[in-house]
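Observations on the model geometry
Residue-level listing of the chains:
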Amino acid sequence: MGSPKDDVVRFFERSPDLLAIADRRGYFTCLNPEWEAVLGWSREELMAEPSLNFVHPEDVERTCQEIARATGPSPCTTRYENRFRTRDGVWRWLLWSARWDGEEWSSVAKDITTRKELERHSLHDALTGVANRALATDRLCAAIARLGRSAGAAVALLVDVDDLTTINDTHGHAGGDIVLRAVSDRLSERLRAADTVGRFGGDRFLVVAEGLADGGASGIEAVIERVHGAFARPIPTRNGPVTVTGSVGIAVARDPGVDAEDLLRDADVALRRAKSKGRGRAEVYDAALAEEVRHRLELAAQLRGALQRKELRIVFQPLVSMLDGAPIGCEALLRWDHPSRGELLPGAFLRIAEDDGLIVPIGAWVLEESCRQLAAWRAQGHDLWVSVNVSARQLAQLDFVAVVERALRETGVPANAICLEVTETAVLRRPDMARLALDALRRLGVRVALDDFGLGYSSLTHLKALPVDVLKVDRSFIADLVASTEDRAVVEAVLTLAGRMGLTVIAEGVETAEQDDVLRSMGCPVVQGFLYGRPVPPADVLLPDAVLPGVPRPSIATTPTAA
Ligand code: C2E
Ligand code: MG
Ligand code: MG
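Residues numbered from 1 in each chain as written. Chains lettered and ligands numbered in written order. Predicted model: local features only at pLDDT ≥ 70, side-chain atom pairs only at ≥ 80, totals over all residues. Heavy atoms only, no water.

Concerning the overall build of the protein
Rules: Strands here are runs of E lasting at least two residues and helices are runs of H or I lasting at least four, both read from the DSSP assignment and numbered beginning at the N terminus. When we talk radius of gyration, it's over C-alpha atoms, and the globule rule is simply 2.2 Å times the number of residues to the 0.38. Exposed residues in this analysis have more than 50% of their type's maximum accessible area, buried residues have under 20%, and partly exposed residues fall in between, with area computed by a 1.4 Å probe over protein chains only.
Per the secondary structure count, the protein includes 20 helices and 21 strands. Relative to the globule expectation of 24 Å for 563 residues, the C-alpha radius of gyration of the protein, 34 Å, shows a markedly less compact shape. For the protein, the spread of C-alpha atoms along the three principal axes comes to 125 × 60 × 40 Å. Relative to its 563 residues, the protein shows a buried fraction of 47%.

Set out below in structure tokens:
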């Protein structure tokens, strides 16, 4: 038995907790030996610098707040958690209980790292490994809170696997588990790293996506597409592949005042509405936006059957030579005769077709149909070429060149009578990929035009490396050609550049005689626009005179006469 003072010292020396005294500047002034055992630093090292230097950067702010809150004229106790760096560079979680007596801090800290790790495990769903309900809801709250700091929107998507009970019945619970695991894996793969996928139990998942630029319909639609994409391929199970669909209910948060529980309830309402309409549907809870998203999804669904129902057709607009005002070719432009809305221009549905991938089969059809029409015209003796628009998505298809080749073979149209128009921006998005495809098309013998040229002006430098034959000056430059000296300078520069590179230039959107005069004086070789003819059905197309077989016609791709 020692003196009471010896007892205190013995307790201090042997305590399994971390005992510390710190001054008001945050320097430790007294530490028990346990610190050395837990963190690996010597006590001298720990006392040599402000204790905050050992705290995890993410925890510093919170720690400072806790300390500031308690540091006053009167004694006060505070409890908080933070991570401390060990000598080995790993982090240990400490739970602090600290008392401020007006002069200095007396603290007890416990190493709670093991408990924290267990907690982390309890935040994840055991079956699928994604966040569990608690963690996913927490992430949703955090995403909403961040809305205050940045513009944009966050969305909560509740995703329900349709007919999981049927799957359980026919494939057993093991089969159901495989499906749930595959769905959560695919959701996690398809979403961005910053997004959260959580399982809400049963057949229900929560997806939290944030940073949607303006919370507009297209951003939300893109998330829906990604979620639906997770269900696109059948899931292999021991009893063979299972096809599953998912229903989606979406709620959008645009300001940090939104309550996460309210948002989830809205998403649930939307989900129930989606389920009531059948499987694999998505509904948005947001009056105005819901309407727009619904409209786009509906249009996409209708577009899917439009080809079979023969609602798509092609109109042709003449391309006219400046030499003699004669048509030398025409551009194929897509039209959709919508059953209830009447004729739709590409602007109303092309984006949807692009996003959805529908542009691939539709584009292939446009190509075939254009070749077929061209073959018919050529059989009547009209010597002309047809320009066909190709979207970025088509160009990125590995078999695109094969599709072109087949259309040529089946219709017997010579490759050099087809010009494929790709937009400058499509090429710029993936220059290397585009180059490969364009090179292969070139080898095939088809011509390539850069459409809407001038809008992505940076590409002048890329141009030299690109295998193109024609530049189509965007119509925005032609619109102001007469009034704007700048636009005139751009067109002149394009003509000069093209002349040097041996490319043909086509000016788009020529509407007035004045524009025509300016272009003629600049030596623009080919024009297209309402002045010469609107896009019309094949029967109404202004064709070059029929020529007798064997009588040669001037080459189609006239090189510009401008220097
Ligand atoms: P684009 O390839 O630049 O086609 C020219 C567009 O300008 C056409 O619009 C045409 O009608 C319009 N236009 C022609 N001359 C004039 C004019 O003098 N004044 C005005 N204001 N406009 C004129 P359209 O048919 O609505 O097509 C819009 C765009 O949709 C096309 O622009 C093209 O990028 C795209 N597109 C059309 N058909 C297809 C297709 O089959 N596949 C793909 N991928 N895209 C297509
Ligand atoms: Mg075009
Ligand atoms: Mg264009």
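Let's talk about the nonpolar core
To keep things clear, this is the line we draw: Residue types Ala, Val, Leu, Ile, Met, Phe, Trp, Tyr and Cys, when buried and joined through side-chain atoms within 4.5 Å, form a set referred to as a nonpolar core. We call two residues in contact when some of their heavy atoms are within 4.5 Å.
Core analysis: the largest hydrophobic core is formed by 76 residues, its most contacted members being L420 and L519. When residues of this core are assigned to their parent elements, the largest contribution, eight residues, is made by helix α12 (residues 359-379). Beyond its immediate sequence surroundings of up to four residues, L420 is in contact with L367, V388, V390, F400, V404, L441, V446, R447, V448 and A449. With 35 residues, the next largest nonpolar core counts A153, V223, A230 and I235 among its residues.

A few points about the site of ligand 1
In plain terms, the rule: Neighbouring residues are identified by heavy atoms, a residue being near a molecule or strand if any of them is within 4 Å of it. We call two N or O atoms a polar contact when they sit within 3.5 Å, provided that within protein one can donate a hydrogen and the other can accept it, with sequence-adjacent residues counted only if both atoms are side-chain atoms. The accessible surface values rely on the Shrake-Rupley method and a 1.4 Å probe; as for residues, cover is taken only from the protein chains in view. Following the grouping adopted for this structure description, the nonpolar residues are Ala, Val, Leu, Ile, Met, Phe, Trp, Tyr, Cys and Pro, the charged ones are Asp, Glu, Lys and Arg, and the polar ones are all others, Gly among them.
Near ligand 1 you find 23 residues, and of these R335, D451, R475, E511 and F530 are the closest. Contacts to ligand 1 include L334, whose backbone N or O atom sits 3.1 Å from a nitrogen atom. Contact between ligand 1 and E508: an oxygen atom at 3.0 Å from a side-chain N or O atom of the residue. Burial of ligand 1 by the protein amounts to 85% of the accessible area it has alone, namely 790 Å². Broken down by secondary-structure element, the contributors of at least two residues to the shell around ligand 1 are β14 (327-338), α11 (346-356), β16 (385-390) and β18 (447-453). Here the shell around ligand 1 takes four residues from β14, the largest share from any one element. Taken together, the residues of the shell around ligand 1 break down into nine nonpolar, six polar and eight charged.

Regarding the coordination of the magnesium ion (ligand 2)
The cut-off we apply is this: We call an atom a donor if it is N, O or S and sits within 2.8 Å of the metal, or 3.2 Å for Na, K and Ca. Water is not counted, so some sites may look partial.
Taken together, E331 (OE), N389 (OD1), E421 (OE) and D451 (OD) make up the full set of protein donors to the magnesium ion (ligand 2), lying 2.0 to 2.2 Å away. All donor residues of the magnesium ion (ligand 2) come from one chain, and their arrangement in sequence is E-x57-N-x31-E-x29-D. Between the magnesium ion (ligand 2) and the magnesium ion (ligand 3), both coordinated by D451, there is a metal-metal distance of 4.3 Å. With a gap of 30 residues between them, E421 in strand β17 (residues 418-423) and D451 in strand β18 connect regions that are remote in the sequence. In terms of burial, E421 and D451 fall into one category: buried.

As for α11
Looking at α11, one finds that the buried residues are F349, I352, A353 and E354. Positive backbone phi, at 85°, marks G357, one or two positions downstream of α11.

A closer look at the side chain of D268
Within the secondary structure, D268 sits in helix α9 (residues 260-276). Given a relative accessible area of 18%, D268 falls into the buried group. In this structure the side chain of D268 is engaged in a polar contact, spanning 2.8 Å, whose partner is the side chain of R204.

Quick word on the sheet that holds strand β12 (residues 282-285)
Applied cut-off: Only when DSSP finds a minimum of two bridges between them are two strands counted as paired. Axis angles are defined between N-to-C directions and span 0 to 180 degrees, where every axis is a line fitted to C-alpha atoms and, for a helix, only to the segment in contact.
A sheet is described by the order of its strands in space; here five strands give the open sequence β7-β8-β6-β11-β12, paired in mixed fashion. In the strand order of this sheet, the two ends are held by β7 (196-199) and β12, each with one partner. Neighbour to neighbour, the strand axes of the sheet diverge by 20° on average, direction disregarded. As paired strands, strand β6 (residues 153-161) and strand β8 (residues 204-212) are joined by seven bridges and run antiparallel to one another. Residue pairing in the sheet places D160 in a bridge with R204 of β8. Where helix α6 (residues 133-146) meets the sheet, it contacts β6, β7, β8 and β11 (246-253), and its direction lies at approximately 20° from that of β8.

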